[in-house]
Amino acid sequence: MKLEKEGLELHIDAEKIIETTILNSKEEVIQIAPSSLLEIVEKWVYTDRKIHLSTIVGIDNETDITLIYYFMNHDDFKTLVLKTVLPYDNLEIDSISLLTGSAVYEGEIAEMFGVKFNGNPMNKVFLPDGWEGEYPMRKSWKNKEGK
Amino acid sequence: MEKYERSQFNLGPQHPALKEPETFKVVVEGEKIVEAQAILGHTHRGIEKLAESRDFEKTLFLAERICGICSFAHNANFARATELAANHEIPERANYLRVLVAEMERLHSHLLWIGVLSHEIGFDTFYLLVWNDREIIMDLLETLTGNRVNYGMNQVGGVRSDLTPEIKSEIKKQIPKLYDKLVKIKNIALNNKSIIARTRNVGIISKELAIKTCVTGPTARSSGLNWDLRRDDPYFVYDKMDFKVPISTKGDVYSKIILRVEELFESLKIVEQVLEQIPEGEIYNRLRGKITGSAFSRIEAPRGENIHFVDYRNDNTPYRFKVRAPTYANVVSSVEVLVGHQIADIPVIVAANDPCFSCTDRTLVIDRDTDTKQLLTKAQLRKISLATYKEE
């Protein structure tokens, strides 16, 4: 996929794209393998593309956890949405904390969903000290009233 | 120069310089900050998890409670995200009304910020002056929506209260008055020696740092990133509005003051245009039934890019609701620039981003019984308070 503007496109190699879908809000979502994420983002950052990471969304599908990375290009304000699926038996992905702003988003997903971000210095953002081993944003998590 | 010993202190969670509970762990050498860290999470209410057990009509009001200052931005953004997910059209008049309230909210939010910042630097005369003038906007918001905060203006599919001719003429009457007040505020804010001394060259966020830490809104624009979603990714009816996006390249606190003051005038311009252009018609087109689909919605809240993501799976309750409030994106940058400054600059630098920690902390349910912590019921709390006051 290319975002074109005088050679400042964000490029993803075709062989890395698993599937492309379109959201109801018209964004194109590009699914990639978890292993190729860091390489793609590194390439953008080191080739001086002005990348803005708006947020990372985690969704628990009860057999896997889907991560949606919502990027924006500062040159033309177009969005680029990357999606990657982590199965429950391998909840690990490389951190993209070379973009400093990503640390808090990754930290939040780490504590809420139990995904391990290799290389992220932050793994606790909101939860109180001493909270271990439970991931409240998972669908299976219930509070004491069973809700 | 004398070498000072390193010591660490915690600013917050309860501290006069912070308006909301948040901890800043700071390592200092004498007065100079050498390390800083923000500890978030003191105002978690579990809104994202709660939304998974409520239908969209109820979640709309929950979304409004994310923030007390820019409540409309969250409320409107959730409504928009749900409408996008359902491919649901809303009447044009409703879109104009959303722009109207959004800009009035930006006016009151920016005025509030100027007040808070002058309070942080000890210039309380100006703080009270600005907040007094802000009442004009608050009264207009109350007239239009019925509330001063948490307006309850939106519905999924439109808005709840209409702009009657009386309210319209009332707003029109107040615009010139407000304009004069803004000119006065601008003169003081940009020329006062105390403000300049405390804010110029303080807390500089360079363009590189701004990109790296993914900042948004006025914080990004004051660091030279020319980016405003109202212009660059128009929503509601912003594409029909004529306004400028002020930017600054310096990145210090003073440039943020200039920027926000300029934005006040632009917002007032948009309010005027809405009143001129608003078409007659319906204001609500109800959305019924179950929704399938997911959508991102991003709008320019007073503090920056506000993102709501919803995922509906043949249900009227969101399977996943995700919020990213602008302060969440900006807090990293303010912590990075603290290093090298004096302790006295902390409130100014932190306040410069117009932080709203209630927006930032919203994700988690803390309603849990552990061995050490126990939640008190209302009756128990009442008992304690009665006992306490009796003693006095």
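Predicted, not measured: the structure shown is a model, and the values here were computed from it. Once a new chain begins, its residue numbering starts again from 1 and follows that chain's sequence as written. Here chains are named by letter from A upward and ligands by number from 1 upward, in the order in which they appear as written. Reporting in this predicted model follows two pLDDT cut-offs: at least 70 for local features of residues, and 80 or more for side-chain atom pairs to be given and counted; totals over whole chains, interfaces and linings ignore these cut-offs and use all residues. The side-chain quantities take in all heavy atoms of the structure and omit both hydrogens and water.

K.L.:
Teacher, can you tell me more about helix 5 (residues 124-145) of chain B here?
P.N.:
Since the α-helix packs 3.6 residues into each turn, any two residues three or four apart lie on the same face. Residue and element names in this part refer to chain B. Secondary structure is summarised from DSSP: a helix means a run of H or I of at least four residues, a strand means a run of E of at least two, and numbering begins at the N terminus for each. One less than the number of residues in a helix, times 1.5 Å, gives the span that helix is expected to have. Between its first and last C-alpha, helix 5 extends 30 Å over 22 residues, near the 32 Å set by a 1.5 Å rise per residue. At Glu135, helix 5 shows its maximal kink, close to 25°. Any two residues having at least one pair of non-hydrogen atoms within 4.5 Å are treated as being in contact. Lining the buried residues of helix 5 we find helix 4 (92-120), helix 6 (165-191) and helix 7 (193-199). Bend at a residue means the angle formed by two fitted axes: the first through the 7 residues ending at that position, the second through the 7 residues beginning there.

K.L.:
Looking at this model, I keep getting lost on the pairing of strand 2 (residues 23-29) of chain B. Mind explaining?
P.N.:
Strand residues, when the strand is regular, have side chains that alternate between the two faces of the sheet. Residue and element names in this part refer to chain B. Most of strand 2 sits out of view: 5 of its 7 residues are buried. Taken together, the 6 bridges between strand 1 (residues 6-11) and strand 2 define a ladder with antiparallel strand orientation. Residue pairing in the sheet places Phe9 in a bridge with Val26 of strand 2. For two strands to count as paired, DSSP must find a minimum of two bridges between them. By the bridge criterion, 7 bridges tie strand 2 to strand 3 (residues 32-39) in an arrangement that is antiparallel. For Glu29, the partnering residue across the bridge sits in strand 3 and is Lys32. A loop of 2 residues connects strand 2 with strand 3, the two strands running antiparallel in sequence, and Gly30 in this loop sits at a positive phi of about 65°. For every residue, the accessible area (1.4 Å probe, protein chains only) is compared with the maximum for its type, and the residue is labelled buried under 20%, exposed over 50%, or partly exposed between those bounds.

K.L.:
Quick question: what am I supposed to make of the nonpolar core here?
P.N.:
If you look at soluble globular proteins, the nonpolar side chains tend to sit buried side by side. Counting 94 residues, the largest nonpolar core has Leu100(B), Met104(B), Leu163(B), Ile171(B), Tyr238(B) and Ile257(B) as its most contacted members. Counting residues per element, this core draws most heavily on helix 4 of chain B, which supplies 15 residues. If we skip the residues at most four places from it in the chain, Met104(B) touches Ile137(B), Leu140(B), Leu141(B), Leu144(B), Ile171(B) and Val271(B). Core analysis: the next-biggest nonpolar cluster, separate from the first, contains 42 residues, Leu91(A), Ile96(A), Phe117(A) and Phe126(A) among them. For the purposes of this section, nonpolar cores are sets of buried Ala, Val, Leu, Ile, Met, Phe, Trp, Tyr and Cys residues that join through side-chain atoms within 4.5 Å.

K.L.:
Looking at this structure, how should I read the interface of chain A and chain B?
P.N.:
Interface size is commonly expressed as the accessible area that is lost once the parts come together. Between chain A and chain B, the contact holds 49 residues from the first and 51 residues from the second. Summing both partners gives a buried area of about 4200 Å² for chain A against chain B, and 60% of it is carried by carbon and sulfur. Note on terms: buried area is the combined drop in 1.4 Å-probe accessible area of two parts once they are placed together, counting the loss on both. Considering only the side of chain A, the residues that lose the most area to chain B are Asn24(A), Phe126(A) and Met137(A), jointly responsible for 16% of the buried surface there. By definition, a salt bridge exists where a carboxyl oxygen of Asp or Glu is found within 4 Å of a side-chain nitrogen of Lys or Arg. Linking chain A to chain B there are 2 salt bridges. Among the ionic pairs, Lys322(B) bridges to Glu108(A), the shortest N-O distance being 3.4 Å. Polar contacts, as counted here, are pairs of nitrogen or oxygen atoms within 3.5 Å of one another; within protein the pair requires one atom able to donate a hydrogen and one able to accept it, and residues that are adjacent in sequence qualify only if both atoms are side-chain atoms. Joining chain A to chain B, the criterion identifies 22 residue pairs in polar contact (both at pLDDT 80 or more). Counting residues per element, the ones that place at least two in the side of chain A that touches chain B are strand 3 (51-60), strand 4 (64-73), strand 5 (79-87) and helix 2 (102-113) of chain A. The biggest single contributor to the side of chain A that touches chain B is strand 3 of chain A, with 10 residues.

K.L.:
Before we go on, may I ask you to explain helix 2 (residues 56-64) of chain B in this structure?
P.N.:
Every buried residue of helix 2 of chain B is listed here: Phe56(B), Thr59(B), Leu60(B), Leu62(B), Ala63(B) and Glu64(B). On the buried face of helix 2 of chain B, the contacting elements are helix 1 (47-51), helix 3 (71-85), strand 4 (154-155), strand 6 (291-301), strand 7 (304-315) and strand 8 (320-324) of chain B.

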